[in-house]
Amino acid sequence: MEPPDSSVQSPDFVSLELTVENVEKALQQLYYDPDMEHKNVAQKWLTQAQTSRQAWQFCWPLLSPDKLPEIQFFGASTLHTKISCHWADLPTDQHQTLRMQLLSHISHFSSGPKMVLTRLCVALASLALHTMPQGWPQAVADMVRVYQPEKAGDQGGSQGGAGVGGGGGAEEEVNAHAHCLALLELLTVLPEEFQSCRLPQARRAQLREALAGEWTAVCPLLRQLLQRQEGNSQVKERALRCLSSWVGLDVPLHGESEGLLQDCFAALSDPELFDTAVETIVSSISQPDCQRYTDALVNLMPLVLGLHDQLKAAARDGDMETSHGICRIAVALGETHSRTLLEQVEHWQGYLALVKMILFCTGIPGHYPVNETTSSLTLTFWYTLQDDILSFEEDKQVVYLQVYRPVYFQLVDVLLHKAHFPSEQDYTSWSSDDKEQFRIYRVDISDTLMYVYEILGAELLSNLYDRLGRLLMDTERPTAWQDTEALLFGFQAIAETIDVNYSDVIPGLIGLIPRISISNIQLADTVMYTIGSLAEWLADHPMMLGNVLPMVLQGLVKAELSVSSVSTLKRICRECRHDLAPYIHDIMTVSQDVLVKDIHKSSQCMWLMQGLGFLLSALPMEEILGSLTTLLTPHIQRLDTLAHQEPSPTAKLSIIHILGMLSSLFTTLDISRQDEGSEGTTPAQARPNPVVVVLQQVFTLIQTILSKWLSDSEVVEAVCGVFERSVKTLLNDFAPMVQQLSEMLGQIYSAFPQASALDLTRQMVHIFAGEKDHFSPIQALIELVTSTTLSIFQQGPREHPDIVESFMQLHAQALKRKPDLYLSDHQDVKALFYCGVLSLKFPETPTTKSACMFFIVGSQSLCCLTEHFSEVLFCLNRHCPVLLAQWLKEGLRVPGFPSAQVSMEQKDTFSQQLLREQTNKRRVKEIVKEFSLLCRGMQGTTGYSADY
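About the criteria used
Residues numbered from 1 in each chain as written. Predicted model: local features only at pLDDT ≥ 70, side-chain atom pairs only at ≥ 80, totals over all residues. Heavy atoms only, no water. Helix = DSSP H or I, 4+ residues; strand = E, 2+ residues; numbered from the N terminus. Rg over C-alpha atoms; globule rule 2.2 N^0.38 Å. Buried < 20%, exposed > 50% of the residue type's maximum accessible area, 1.4 Å probe, protein only. Contact = heavy atoms within 4.5 Å. Areas by Shrake-Rupley, 256 points an atom, 1.4 Å probe, with all protein chains shown as cover. Lys, Arg positive; Asp, Glu negative; His and termini not counted. Charge placed at Lys NZ, Arg CZ, Asp CG, Glu CD. 1 Å grid on protein atoms, 1.4 Å probe; cavity = no way out; pocket = protein on both sides within 12 Å on 5 of 7 lines; lining within 4 Å. Points joined across faces, edges and corners; volume = space filled by probe spheres on them. Nonpolar A, V, L, I, M, F, W, Y, C, P; charged D, E, K, R; others polar. Salt bridge = Lys/Arg side-chain N within 4 Å of Asp/Glu carboxyl O. Core = buried A, V, L, I, M, F, W, Y, C linked by side-chain atoms within 4.5 Å.

Peer 1: Which parts of the structure should I look at to understand the overall build of the protein?
Peer 2: Looking only at helices and strands, the protein features 46 helices and 0 strands. The C-alpha radius of gyration of the protein comes to 38 Å, more than 25% above the 30 Å expected for a compact globule of 948 residues. The principal-axis extent of the C-alpha atoms belonging to the protein is close to 110 × 95 × 70 Å. Out of the 948 residues in the protein, the part that is buried amounts to 52%. Partitioning the contacts of the protein with sequence separation of at least 6, the portion at a separation of at least 24 is 73%. For the protein, the computed accessible surface area is about 42,800 Å², with 50% contributed by carbon and sulfur atoms. Separation of charge centres in the protein, based on 70 positive and 110 negative side chains, amounts to 6 Å.

Peer 1: Before we go on, may I ask you to explain empty space enclosed by the protein in this structure?
Peer 2: The method is simple in principle: a probe with the dimensions of a water molecule rolls over the atoms, and the space it marks as empty is what remains. Counted according to the given criterion, the structure contains 2 cavities of 30 Å³ or more. Empty space within the largest cavity amounts to approximately 100 Å³. Lining the largest cavity are Trp 215, Leu 243, Val 247, Asp 250, Val 251, Pro 252, Leu 253, Ser 257, Leu 261, Ser 284, Gln 287 and Cys 290. Of all the elements in the fold, those that place two or more residues in the lining of the largest cavity are α11 (233-247) and α12 (256-267). Looking at the lining of the largest cavity residue by residue, the class counts come to 8 nonpolar, 3 polar and 1 charged.

Peer 1: Could you clarify how one ought to interpret the pattern of salt bridges in this entry?
Peer 2: Side chains that differ in charge, positive against negative, can pair when their charged atoms come close. A complete count under the given rule lists 26 salt bridges for this structure. Measuring nitrogen to oxygen at the nearest pair gives 3.9 Å for the salt bridge that ties Arg 53 to Asp 89. Residue Arg 53 is located in the loop between α2 (36-51) and α3 (55-62), and its partner Asp 89 is located in the loop between α4 (69-85) and α5 (95-108); the two are separated by 36 residues in the primary sequence. One salt bridge in this structure joins Asp 142 and Arg 145, with 2.0 Å as the shortest N-O distance. Here the residue Asp 142 and the residue Arg 145 both occupy positions in helix α7 (residues 139-147), the gap between them amounting to 3 residues, near one helical turn. Exposure remark for Asp 142: the relative accessible area of 16% places this residue in the buried category. What makes Arg 145 partly exposed here is its relative accessible area of 44%.

Peer 1: Mind showing me how you'd approach the nonpolar core here?
Peer 2: The nonpolar side chains of soluble globular proteins are, as a tendency, buried together. One finds Trp 246, Tyr 404 and Phe 723 to be the most contacted residues of the largest nonpolar core, which totals 295 residues. Apart from residues lying up to four places away in sequence, Tyr 404 is in contact with Leu 342, Tyr 351, Leu 352, Val 355, Leu 385 and Ile 389. Counting 14 residues, the second largest nonpolar core, distinct from the first, contains Leu 27, Leu 46, Phe 58 and Phe 74.

Below you can see the structure in the form of structure tokens.
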């Protein structure tokens, strides 16, 4: 196809007639015009052309032999579109003609181009699916008869196809080969078209049954092609792919089908067919429906086991493709049909041999993923086998465990060996992607070890402990660090998920850990993680803390052990905080040092501060403030310096980092439990919370920071985060700061509205709105942020969905917690509810959800507010009935909302009554009033209603 002359103006296809010539012009423009706008116009016109009735006619000339492949392809695609999407447009008496035309054109294009042939085959497949079984009772058998290999030349001639010409034996052979490939293409796309097309369930079931009945025509053909000694590899490969397509229809795996599958195993010996044969075998035996054919599955086991020698040779020679393929076959059979094969007790030795073959695949030589990628395929099999064994009745379990427990002990050895790190020299040469894949692989191994524990139980831990003890106690023979690391890794994997508190080997393990000579990062990391996994055990055995805590603190000062050491210390501080008094000085000293020296990244610093929060929570009250001051003074001094600098990206990151550390610390520093049962001590209310003292000390500094960074949402969010975490943790202990924080929040929000300030306000409302002493500042704050937000709504809130979402959440909380806040003359309730209505129209789901939660009409609101609600609902129903109906449907279907006192039937009645009233405001008030009484369980209380 020649590119168009750029000097010629692109035709306006909108007004063009649907002719072959114009279709060709549009295709030329679509493929070659450099102007994307022109391409889009042509694409749109061509799409419309395909849906037109004329397409049934103009598609055939486009398939003329003298046309370019692109044009022919469009013609074939148009045919498929018409047949698949517009079949009803074609009169019934033309179905036979269309079928014959397609058969003829497939013959013509059997030698290519391939893309045109495939589209024609898909079109004929679609036609077959429309007409089977009544209109075309033996569709597949007819296709095979037309194009069968031994008669391809003759049939091609009779159909006007490529076989016409009588050019001698060579030409007939070429035609026969082409027709054979065309037939296989047709048979391959037919099931694929069935799987992809949209059909009613009944029609799909009917077609599936019809296609399954046609398998008797396909199976012998595929066997014939695969068994040909002189057969072309291309034909055999297509035959294998055809089988893969048909097995998705759950064709039976017995009789001749079983023989066909055996032919696929024979194809594995041909290197050119190996990959395709593997795919076909795996897809065939992975079908769950195959479990019905127990005998066939049992007969497959010798075929799979017969590949073991080839597997070993491939592993020895480093042939990853071959070992990978054979492993896939073994796993497909063993995993998909594990329970079925286990139940064949008379064949237990065969299945045990298959399990051991898979075990060999798990332990295949090489380091994943650099030298091998096969072992990872087997890991889910071991879970499946364990799960199936444990699902049997107890008496059967005993028998199976006798057979397979030794295999699982071997598996532990194999898994730990596969988890070994390579030499440091080799590991250094690995790419970052390889290292990450290896890390994930080890996580998968740790999950597998957890499943293994279900089979082996406490004996597994004893086994690991004995091996580790022998390694560490044998001073005469040097031990590779990888051996030690792998055993610790096994312990950690199990202890992370299994309750080991009652294991009798953990004390010995804790005693062994200090004997480990840490020679590299990987081993040190695993030591840290192992200690962390035993934190709960250490909480029950605090006398053992001295054995391991020094190692954790040594790791804390090393940047390369940042994640493992910090997370481990945090876990110990959380679980063992009441037993850390003898070590608190060392922990605080090392922690303060690493924080000041910026040894760890920001996220690890946050974890460390959380750990220190747990630690400080357990100190006597009189010691907490001093420790807090010592810990925070360097950072507050740094914050003070930053607060007086001109804003810069570097200063911003540092400010956010320090504020984040404060937030993290205050998240876990909870001393509320210390007041429980403390006799003869100063009452809590007369003893200011140390966190409050610190916040009061830094309050002016924070105001200074805000004065320079008020327009930066990230800094404001970090500031609000400090107070929000504190409020959540301290609850009523935060009371001394309510007044000044409320004033600051009002100033922040009125100067530069941001969602984080609203979220903090919501927390303040939740905790303190119900307190008489704090009602006034909270009410003033609510009024201020509401007034400011109403201005945003007047200017256009669409650009601030986060503010709208937080604003709706705030008022939903306020209505729930303290509806009295809305009795103020300064609160424009109608404007507020109008904002809620506007919020319902936002496309962002969280914003709309928040708006829905704001509209409460049940027992959570004050009686005196129902008149306001009824007015809003009346306006909604009058002006936005569709939205109101949607909101009522979504809001009222929530169980227990707006009250557990009303049933779904009563909610439906309320909705129907309300939606009917678009003109009678008085009636709406009555409906809302009655529903509110229902929500309170007070229906029929006339005296109450009279005073309502």
